[in-house]
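Listed below, chain by chain, are the residues.
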Amino acid sequence: MTQLAAVLGVLPDHRYPQPELTDLVAEACGLDAGQRRFLERVHGGAGVQTRHLVLPIEQYRTLRDFGAANDAFLTGAVDLGSRAILGALAQAGLTVEDVDVILAVTSTGLAIPSLDARIAEHIGLRPDVKRTPVVGLGCAAGAVGISRLHDYLRGWPDQVAVLVTMELCSLTVQYDDRSPTNLVASGLFGDGAAAVVAVGSERATATSGPQVIATRSILYPGTLRTMGFDVGPGGLKVVLGTEVPALAEKHLRVGVDDFLAAHGLTRKDITTWVSHPGGPKVLEAIESGLELPEGALGASWSSLRRIGNISSASVLHILQDTLADRPPERGTPGMLIAMGPGFSAELVLLQW
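None of these values were measured; they are calculated from a predicted model. (Residues numbered from 1 in each chain as written. Predicted model: local features only at pLDDT ≥ 70, side-chain atom pairs only at ≥ 80, totals over all residues. Heavy atoms only, no water.)

## Side note on the pattern of salt bridges
Pairs can form between side chains of opposite charge once their charged atoms are near each other. The condition that has to hold: The working definition used for a salt bridge is a side-chain nitrogen of Lys or Arg within 4 Å of a carboxyl oxygen of Asp or Glu. Elements are defined by DSSP. Helices are runs of H or I of four residues or more, strands are runs of E of two residues or more, and each kind is numbered from the N terminus. Here the term buried applies to any residue with accessible area under 20% of the maximum for its type, exposed to any over 50%, and partly exposed to those in between, with areas from a 1.4 Å probe on protein chains only.
Applying the stated criterion to the full structure yields 15 salt bridges. The partner of Asp98 in a salt bridge is Arg203, and the shortest N-O contact between them spans 3.3 Å. Separated by 105 residues along the polypeptide, Asp98 in the loop between helix H3 (66-92) and strand E4 (101-106) and Arg203 in the loop between strand E7 (191-199) and strand E8 (211-219) bring together distant segments of the chain. Arg203 gets classed as partly exposed once you look at its relative accessible area, which sits at 23%.

## Some details on the UniProt feature "domain: Chalcone/stilbene synthase C-terminal" (unreviewed entry) in the protein chain
Rules: UniProt positions are given in the numbering used here, feature names are shortened, and annotations may be inferred rather than shown by experiment.
In the numbering adopted here, UniProt assigns the feature "domain: Chalcone/stilbene synthase C-terminal" (unreviewed entry) to residues 220-351. In the segment residues 220-351, helix accounts for 38% and strand for 24%; the C-alpha atoms at its two ends are 27 Å apart.

## Topic: the sheet that holds strand E11 (residues 272-275)
Heads up, the rule is: Following DSSP output, two strands are said to pair if at least two bridges run between them. To obtain an axis, a line is fitted to C-alpha atoms, over the contacting stretch when the element is a helix, and the angle between two such axes runs from 0 to 180 degrees between their N-to-C directions.
With mixed pairing, 9 strands are arranged side by side in an open sheet as E5-E4-E6-E7-E1-E8-E13-E12-E11. In the strand order of this sheet, the two ends are held by strand E5 (130-135) and E11, each with one partner. If you compare each strand with its neighbour and ignore which way they point, the axes differ by 20 degrees on average. Judged from the 7 bridges that link them, strand E1 (residues 2-10) and E7 form a sheet pairing that is antiparallel.

## What about the layout of surface pockets?
Threshold: The way it works is a 1 Å grid over only the protein atoms, where trapped points that fit a 1.4 Å probe form a cavity and open points with protein on both sides within 12 Å along at least five of seven lines form a pocket, and then any residue with an atom within 4 Å of a point lines it. Grid points are joined across faces, edges and corners, and a volume is the space filled by probe spheres set on the points. Put simply, Ala, Val, Leu, Ile, Met, Phe, Trp, Tyr, Cys and Pro go in the nonpolar bin, Asp, Glu, Lys and Arg in the charged bin, and everything else, Gly too, in the polar bin.
A volume near 680 Å³ is recorded for the largest pocket. Taken together, 29 residues make up the lining of the largest pocket; nearest its centre are Val184, Leu188, Leu240, Pro245 and Lys281. The set of elements that each furnish at least two residues to the lining of the largest pocket consists of helix H2 (33-44), helix H6 (180-186), helix H7 (244-261), helix H8 (280-289) and strand E12 (333-340). Tallied by class, the residues present in the lining of the largest pocket amount to 18 nonpolar, 9 polar and 2 charged. What lines the second largest pocket is a set of 35 residues, and nearest its centre among them are Thr108, Thr172, Gly228, Phe229 and Val238. For the lining of the second largest pocket, the secondary structure elements donating two or more residues are helix H1 (18-29), strand E3 (50-53), H6, strand E9 (227-232) and strand E10 (235-240). Tallied by class, the residues present in the lining of the second largest pocket amount to 21 nonpolar, 11 polar and 3 charged.

## What about the packing of aromatic side chains?
Stated precisely, the cut-off is as follows: For Phe, Tyr and Trp, where Trp contributes only its six-membered ring, two rings pair if their centres lie within 6.5 Å, and the inter-plane angle classes them as stacked under 30 degrees, edge-to-face over 60, or tilted in between.
By the definition in use, this model includes 2 aromatic pairs. With a centroid separation of 6.3 Å and an interplanar angle of 20 degrees, the aromatic rings of Tyr152 and Trp156 are classed as stacked. Residue classification places Tyr152 among the buried positions, given a relative accessible area of 18%. Looking at Trp156, the relative accessible area reads 42%, which means it is partly exposed. A centroid spacing of 6.1 Å and a plane angle of 25 degrees characterise the contact between Tyr220 and Phe343, whose relative ring orientation is stacked. Of this pair, Tyr220 sits in the loop between E8 and E9 while Phe343 sits in the loop between E12 and strand E13 (344-351), and the two are 123 residues apart along the sequence. Both residues of the pair, Tyr220 and Phe343, count as buried.

In structure tokens, the structure reads:
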């Protein structure tokens, strides 16, 4: 089994309360009185109290075009990603020389050379490190990344693998777009990064984190336009369908039950649930669809309030919070869940 030797989330230094971010969007988008009322309503209902931004708030008004936003993305992503990896390696008692493979995930910017190459040079990874950049899996990618590390380490059980997710969602807000979708997204998503250090069954570390038992990917046919980005003159324009909560409530239970049954388990056997937060309606749909007990997704609700939705990095922040604040009983099964563009779900069965 794959061991998650360390999980670390990092955030930019610039932290703002939700009302201040509402003011920024209203001013930058030039909203009229009716649009401003709508913005205040959706921002107020997003379940978010504070968010972290990669840039000081006043600098967002100076971003001229997609090129300027993407330049800021490259600088911020490499910095945050590097901090996350170095911190996670230190927690695991490992160094950059120990890393055999790196998987770098994002959906909020473009990088050629890819982010993994830029980070490898920045922190001094070995020249023979195996690199895989992953772009476009959105909010599901933190869970997908763990799954792909697990696949790799089953074949190379004596190696060390690192997952790093970097999402700077604030740089994708389109200030010439007054559509409800863009305004809703502007109140939900924040910036941050996270890293996971994983080792194979033949590689010992000083730490003893959860183990990955199995994983499953689910792609729902006919749902390509449910979530994602369109690429236009101004950059990445969010696609966020209102059907996401209904899809989660309708389909997730069947996938989870089938997955657990394949391993002789039921939902009642799962002691700890780690779920990407989505937004309030998505979390409520997951709770309802999976018939979870009250408080089962408490860490997800708390993360949404404190830092918003950080796309792929969120589920890893929540995993870190779970291990630190409410450590599960050793030897019990847990489930990590994230959903994203496709529309898709990724399930990871853990043993704490």
